Amino acid sequence: MKKFIALLLLAIFSASSLLAESTATLSEVAVPGGGGFSLTGLLRGIVGMSVIIAISWAFSTNRKAINWRVVLIGLALQLALALSILYVPFVQSIFDVVGKIFVKILSFTEAGVEFLFSSMITGQIESSLINFAITILPTIIFFSAITSVLFYFGIIQKVVYFLALGMTRLLKLSGAESLSVAGNIFLGQTESPLMIKAYLEKMNRSEMLLVMAGGMATLAGGVLAVYIKVLGGGDPVQELIYAKHLLAASIMAAPGVVVIAKILVPQTEAIEKEVEVSKERIGKNVLDAISNGTTEGVRLAVNVAGMLLVFIAFIAMFNFIFLKVGDWTGLNEIIASATNGSYTELSLQFMLGYLFAPLMWLLGVPGPDIDLVGRVLGEKLIMTEFIGYVSLGELKSTGAFMQEKSIIMATYILCGFANVASIGIQIGGIGSLAPGKRVLLSQLGMRALLAGTLASLLSATIIGMILG
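Given the structure is predicted, the values throughout are model-derived calculations rather than measurements.

(A) Empty space enclosed by the protein, seen in detail. This structure, assessed with the given rule, holds 2 cavities of 30 Å³ or more. Here the second largest cavity is characterised by a volume of approximately 30 Å³. Around the second largest cavity, the lining residues are Gly41, Arg44, Gly45, Leu363, Gly364, Lys405, Thr461, Gly464 and Met465. Listed by contribution, the elements that provide at least two residues to the lining of the second largest cavity are helix H2 (39–58) and helix H20 (438–467).

Here it is as structure tokens:
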């Protein structure tokens, strides 16, 4: 562990030198959301990364078997991705183009929404109908259909194949787990394993953990588009900014989750490095693919709507109980006084915010905002990332954050499906593809949740360190 920390410090200081040179040669490219690279930011980043690695090491099943070379390469990849996204014009232009594609596709969704919900008299959508249900949920359906078409034509499989090849060689992964992690950048936590279902029954503990953790650390294209709209607030400029950050968060999570998973359950068995993508297609033809994608999108949209309704109702119920407890004990007045009115009563948001606030400070979140970022992380873990992003969007729109850097870091922290409900989803989804692994899936559930969460925190720490 001491040797690793020394190598980590050396790698980060080397990267900081490279960053200093790059900022001098790139015409002082402005970094949105931060004050620029600084020694303080570097030190906060080192502390944050060390804390995350230390937590992973503490929960490792075999500390002596950890391959620190793989860990360092994974961290270097995350750091290189972050520097490239923020400072290298060519990479920035790629993310800019992809981000504009997402934003443009969002505008296409509006055409269908207008047709379905516009008034027969005025031809406009009534202001009373302009709400979450008809502006956000249709995006899931449309993106699901697009993903299905791209999968039918083999486009997603080709991109995933080349990404998997790189991870297999650099990070010493098996071909199957590389395919799964790469696929999770574009697909959901139960869709990506479809590409490797022939290998699932043969996977060992380390491989299976990475398959599960990869699904929890990244975002599928459909929900990614929704979060762009939630954080953008209808402003195309803001949507483009957060499109690039959300894309970066999902991509950076891939090497990050490898780092954490291979510390938690190190690879000690022989692995098959052959990379072979399943030839199975979604649908018999293009129209069938669109139909299947639309049907799945409708199911997902209804599921999201129901999930939000229930969880928000539960939050209201718990907060009512906490409010009464606060009244009886006098805690409401104490909380209002201690937080200068930021919180007026005992609530779930208050408890989650201050529970995770110390960790947020260690990771480099600006001091005035640590309770807000801690709150959305807590909401993600015990409820869903959807609740977290909706809360983040509301806090952003009301100007609750003192620094934009906090919003950007929170965007990376919330990336992924790492929440308690996802354990059950994966046991059911992956378990249906590999019935013989159901017991193993249940055994690894909490570790996968931990790995997915820490991978997102690692990405946020690195971005925060560079933003300064």
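(B) View of the packing of helix H3 (residues 68–87) against H20. Between H3 and H20, the least distance of the axes is 10 Å, while the angle of their chain directions is 50°. Classified by the interaxial angle, the pair formed by H3 and H20 is oblique. Our pair here, H3 against H20, has a crossing hand that is right-handed. Of the residues in H20, those in contact with Leu75, Gln78, Leu79, Ala82, Leu83, Leu86 and Tyr87 of H3 are Ala455, Leu458, Ser459, Ile462, Ile463, Met465, Ile466 and Leu467. For the contact of H3 with H20, the residue count by class is 13 nonpolar, 2 polar and no charged.

(C) Fine view of the packing of aromatic side chains. Per the counting criterion, the structure on display carries 8 aromatic pairs. Considering the side-chain rings of Tyr227 and Tyr389, the 4.2 Å spacing of their centres and the 25° angle between planes classify their relative orientation as stacked. Of the two residues, Tyr227 sits in helix H11 (residues 221–232) while Tyr389 sits in helix H17 (residues 385–397), which places them 162 residues apart along the sequence. Tyr389 matches Tyr227 in its accessibility class, with the two residues each being buried.

(D) Structural view of helix H8 (residues 175–183). When you tally the buried positions in H8, you get 9 out of 9 residues, the bulk of the element. Summarising the contacts, the buried residues of H8 are in contact with helix H7 (155–171), helix H9 (197–200), helix H10 (205–217) and helix H12 (236–264).

(E) Highlighting the nonpolar core. One finds Met208, Ile260, Met360, Phe386, Tyr389 and Leu392 to be the most contacted residues of the largest nonpolar core, which totals 136 residues. The contact partners of Tyr389, leaving out residues within four places of it in the chain, are Leu219, Tyr227, Val230, Leu231, Leu246, Thr411, Leu414 and Cys415.

(F) A look at the environment of Ile413. Tracing the backbone shows Ile413 in helix H18 (residues 404–413). In the structure, Ile413 is positioned 45 residues away from Leu458 in sequence and 8.2 Å away in space, judged by C-alpha atoms. When near neighbours in sequence (up to four residues on either side) are disregarded, Ile413 contacts Met360, Val373, Leu377, Lys380, Ser456, Leu457 and Ala460.

(G) Up close: unusual backbone geometry. The phi dihedral of Lys172 falls on the positive side, at around 60°, and the residue is not glycine. Mapped onto the fold, Lys172 is located in the loop between H7 and H8.

(H) Summary view of the pattern of salt bridges. Here the structure, examined in full by the defined rule, presents 5 salt bridges. The salt bridge involving Glu296 is made with Arg299; its shortest N-O contact spans 2.8 Å. Of the two residues, Glu296 and Arg299 both sit in helix H13 (residues 286–329), 3 residues apart, roughly one turn of that helix. Among the ionic pairs, Glu379 bridges to Arg375, the shortest N-O distance being 3.3 Å. Separated by 4 residues within a single helix, Glu379 and Arg375 lie in helix H16 (residues 370–382), roughly one turn from each other. The class of Glu379 is buried, set by a relative accessible area of 2%. Each member of the salt-bridge network shares a partner with another, and the members are Asp96, Lys100 and Lys244.

(I) Inspection of the environment of Tyr412 at higher detail. Assignment of secondary structure puts Tyr412 in helix H18. Of the residues examined, Tyr412 reaches a relative accessible area of 0% and is grouped as buried. When the C-alpha positions of Tyr412 and Ile463 are compared, they lie 8.4 Å apart, and in sequence the two are 51 residues distant.

(J) The confidence of the model for the protein, seen in detail. On average, the protein scores 82 in pLDDT, and the residues at 70 or more come to 86%. Per-residue pLDDT, averaged within each element of the protein, yields its smallest value for helix H1 (residues 2–25) (43) and its largest for H18 (94). In this model residues 4–31 is a low-confidence stretch, pLDDT under 50, and it forms 35 contacts with partners more than four residues away in sequence or in other chains.

(K) Representation of the side chain of Ser148 within the structure. Relative to the elements of secondary structure, Ser148 occurs in helix H6 (residues 137–152). Relative accessible area serves as the criterion here: at 4%, Ser148 is assigned to the buried category. Within the structure, the side chain of Ser148 is placed 2.6 Å from the backbone oxygen of Ala289, a separation counted as a polar contact.

(L) Up close: the side chain of Ser206. For Ser206, the position within the fold is in helix H10. Among all residues touching Ser206, those that are not within four sequence positions of it are Glu177, Lys262, Val265, Pro266 and Gln267.

Rules behind the numbers
Residues numbered from 1 in each chain as written. Predicted model: local features only at pLDDT ≥ 70, side-chain atom pairs only at ≥ 80, totals over all residues. Heavy atoms only, no water. 1 Å grid on protein atoms, 1.4 Å probe; cavity = no way out; pocket = protein on both sides within 12 Å on 5 of 7 lines; lining within 4 Å. Points joined across faces, edges and corners; volume = space filled by probe spheres on them. Helix = DSSP H or I, 4+ residues; strand = E, 2+ residues; numbered from the N terminus. Axes fitted to C-alpha atoms, helices over the stretch in contact; angles between N-to-C directions. Parallel < 35°, antiparallel > 145°, perpendicular 65-115°, else oblique. Left-handed = near helix turned anticlockwise from the far one by under 90°. Contact = heavy atoms within 4.5 Å. Nonpolar A, V, L, I, M, F, W, Y, C, P; charged D, E, K, R; others polar. Phe/Tyr/Trp six-rings, centres within 6.5 Å; stacked < 30°, edge-to-face > 60°. Buried < 20%, exposed > 50% of the residue type's maximum accessible area, 1.4 Å probe, protein only. Core = buried A, V, L, I, M, F, W, Y, C linked by side-chain atoms within 4.5 Å. Salt bridge = Lys/Arg side-chain N within 4 Å of Asp/Glu carboxyl O. pLDDT = per-residue confidence, 0-100. Polar contact = N/O pair within 3.5 Å; in protein donor to acceptor, adjacent residues only side chain to side chain.

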